[in-house]
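# Structural features, examined
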Amino acid sequence: MFTYQLLAKQVINGNYNLADGFYYQPFFYTIYLPLIYKWFGINYFSYVIVQCIAGAGVIWLTGVTAAREFGKISGLIAAFLIATCQYHIFFTPFTLIAVLQSFWIILLLYLTLTAYKNKKLKSWMLVGIVHGFAVVTRGNALCFTPIILVMLFHSLHRNKKKTVYSIGLYLGMAIMVQLPYSIINFQNEGNWVGASTAGPAVLALGNTPESPPGGREERAGAGPMEYPPSYHEWMRMDNLDDNNKISVSRNIVNWIKREPFAFLELKFRMFLLFWSQSEIPNNVAMSNNNQAFRVLHWPIFFRFLFIGSLGITGIILTVFNKRRNLREQSFAWFTLLYMIATVAFYILARFRVPILPVLCILGSIPISQLLRQIKKKPTVRQKRVGAFTLATLLFSIGFVGWGSDIYRFCFESAIIKMVRPSGTHISLETEDSYKDHGPQSFGGWFPQQLEKVKKIDKVFVIDDQFDDKNRTRLRFPLLYVESQQQELILVLKQDSRSVSKTLPIKSGFQWVDIDIQNSVEKSTDNTMYITLEFPGNTNGIHLIFDIQRYYERSIINGRPNKDIGEWVAELRISK
């Protein structure tokens, strides 16, 4: 939030450095915020007022669009749903692009449906302009291009000349809006990167072998996202000179070739998280703003559990209903394409906000259907449709409410063991990392008292191509809940060697690094065995285990324990 404000003030004062190009998507801080500050002054309240106006525009467009396609009752329901949507209200006063992007998307859908109906060239040109503004506000708006082109062609296919002109106007205007930013970035980067240069960083955040599926868990509250070592390594490689550069996209392709099912499993977790009722916070969180936003927790404001469940029900009712035409199905395709674009990168609560108006329109469909059946005596077919609608809604509530958690805690460890049997291997600039645990964010990390873990045997699977003579270190976290500093005595055993070490322990969460030996000795099955014993005082000290991973390679007090999972520890071997 502060970054956007700072950049906007630089634009107003004329000291924005164009030589830096545009890292973030530029419309918000080069046009939207500067115009607000210029017209209403540089203050917080002017921004909030304009955001509220944009939010009101979203409500109106949502209602009008739903009414035009599905009837007045659906329009009223959709407008009511978005007006009382908890997340949409919550993000309005923050200097984030979520609410503005929701305005662009519902306006884009409204204009696309209008152009589809009236078949006018100027209407498709207007669609291109608004789509261009949506893209320079957030790049994932490009995902709507396929459905817009399909609707354009379907609307005008009988007139080939008009179809070609309309496609040219639509694409031309969409590109024209982005062109000034793209040219400046091209001059700075030396290659065509579009209106923003942040693409590699965004891709790397959610597509490395270590990536968590989303920002932060709901209970963690607001704070920074997790940037694993592989993220920094891929960004370093992306910034090398042309002869040595390996782009982030190339690294992603290489990983997919090595572990295709592991990549798909990560995307599946992101898919579940996109539809999860859980808040996925970043720099703001509803759980951290209970006093200021406590009114939003009243039952009259709908959470994502309700909106998301209705939205999924609406998608199923439109996509699988042969009687629905392309206009009506377009709401589902807009939502699904946006979901795919988000899952391809990363999941945060604010990333779902822009599609909420469309979800509310989809959610109005099952409600209006059920209301019509209550008013009139339904036919046999209508009863079947009503039963199917209710069954779909119940399924959707279960999926949104508990789908992600059921997978995490019941199935993830077994599936990960199948798709990634050797654990996670990360190649960094100066060393290789081997570990069996998952990411901290949306991982099953929990502390276990050392008083209960007097001995732990850990097996690491080592790359069979690795040279045997390299420096090795063991890295693992400790949690100490006492306030007074103490020392931890541990005995590290490997093969026939035994070394006693004393570590100073301070209060809080800390990572410990221990040099093991100057050379790695692997067994014939490319594994390395390490034993840690804790003979001294361990009061208040905890090791961390991951219950979402279970390879049976963490032997605790003589046996593996599925309830505890894998020890959060990694082996770092220098190159």
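See the structure above.
Residues numbered from 1 in each chain as written. Predicted model: local features only at pLDDT ≥ 70, side-chain atom pairs only at ≥ 80, totals over all residues. Heavy atoms only, no water.

Take unusual backbone geometry next. Of note, the phi angle at Lys119 is positive, near 60 degrees, even though the residue is not glycine. For Lys119, the position within the fold is in the loop between helix H6 (98-118) and helix H7 (121-137). For Lys119, a relative accessible area of 34% translates into the label partly exposed. Here Glu552, not a glycine, exhibits a phi torsion of approximately 65 degrees, which is positive. (Helix = DSSP H or I, 4+ residues; strand = E, 2+ residues; numbered from the N terminus. Buried < 20%, exposed > 50% of the residue type's maximum accessible area, 1.4 Å probe, protein only.)

What follows is about the nonpolar core. Grouped together as the largest cluster of nonpolar side chains are 123 residues, with contacts concentrated most on Tyr32, Phe144, Ile148, Trp275 and Leu356. The element that contributes the greatest number of residues to this core is H6, accounting for 14 residues. With residues up to four places along the chain from it excluded, the contact list for Leu356 reads Ile82, Cys85, Tyr87, His88, Phe304 and Ile307. The next biggest cluster of nonpolar side chains, apart from the first, holds 31 residues, and it includes Phe476, Tyr480, Ile541 and Leu571. (Core = buried A, V, L, I, M, F, W, Y, C linked by side-chain atoms within 4.5 Å. Contact = heavy atoms within 4.5 Å.)

In this structure the tally under the stated criterion is 24 salt bridges. The closest approach of N and O atoms between Arg303 and Glu218, which form a salt bridge, is 3.2 Å. Highlighted residues: Arg303 in the loop between helix H13 (260-274) and helix H14 (304-319) and Glu218 in the loop between helix H10 (199-205) and helix H11 (229-238), separated in sequence by 85 residues. On the accessibility criterion, Arg303 (39% relative accessible area) is partly exposed. Here Asp436 makes a salt bridge to Lys458, at a shortest N to O gap of 2.7 Å. Of this pair, Asp436 sits in the loop between strand S2 (431-435) and strand S3 (445-449) while Lys458 sits in strand S4 (residues 455-461), placing them 22 residues apart in sequence. There is no split in this pair, since Asp436 and Lys458 are both buried. Taken together, the shared-partner salt bridges in this structure form one network comprising Glu431, Arg473, Arg475, Asp513, Glu570 and Arg572. (Salt bridge = Lys/Arg side-chain N within 4 Å of Asp/Glu carboxyl O.)

Quick look at helix H15 (residues 326-343) now. Since one α-helical turn is 3.6 residues long, residues separated by three or four positions face the same way. Counted at 1.5 Å a residue, the expected span for H15 with its 18 residues is 26 Å, and the 25 Å between its end C-alpha atoms agrees. The sharpest bend along H15 comes to roughly 25 degrees, located at Ala332. Counting buried residues in H15 gives 13 out of 18 residues, a clear majority hidden from the surface. With a side-chain oxygen positioned 3.2 Å from the backbone nitrogen of Arg327, the residue opening H15 is Asn325. (Expected span 1.5 Å × (residues − 1). Bend = angle between axes of the 7 residues up to and from the residue. Polar contact = N/O pair within 3.5 Å; in protein donor to acceptor, adjacent residues only side chain to side chain.)

The next thing to look at is the sheet that holds strand S9 (residues 527-533). Pairing within the open sheet is antiparallel, and its 6 strands lie in the order S7-S6-S9-S4-S11-S12. Because the sheet does not close on itself, it has two edges, and the strands there are strand S7 (497-505) and strand S12 (559-560). In this sheet, S9 lies alongside strand S6 (residues 486-494) in antiparallel orientation, the contact comprising 3 bridges. For Leu492, the partnering residue across the bridge sits in S9 and is Leu532. (Pairing = 2+ DSSP bridges.)

On to the side chain of Gln178. Within the secondary structure layout, Gln178 lies in helix H9 (residues 160-189). Residue class for Gln178 comes out buried when judged on its relative accessible area of 15%. Not counting residues within four places of it along the chain, the set of residues in contact with Gln178 comprises Gly132, Val135, Val136 and Ala195.

To continue, consider the packing of aromatic side chains. The final tally for this structure, using the stated rule, is 32 aromatic pairs. Ring geometry for Phe28 and Tyr47: centres 6.3 Å apart, planes at 85 degrees, overall edge-to-face. Within this pair, whereas Phe28 is found in helix H2 (residues 27-40), its partner Tyr47 is found in helix H3 (residues 44-70), the two being separated by 19 residues in sequence. Assessed through its relative accessible area of 0%, Phe28 is described here as buried. (Phe/Tyr/Trp six-rings, centres within 6.5 Å; stacked < 30°, edge-to-face > 60°.)

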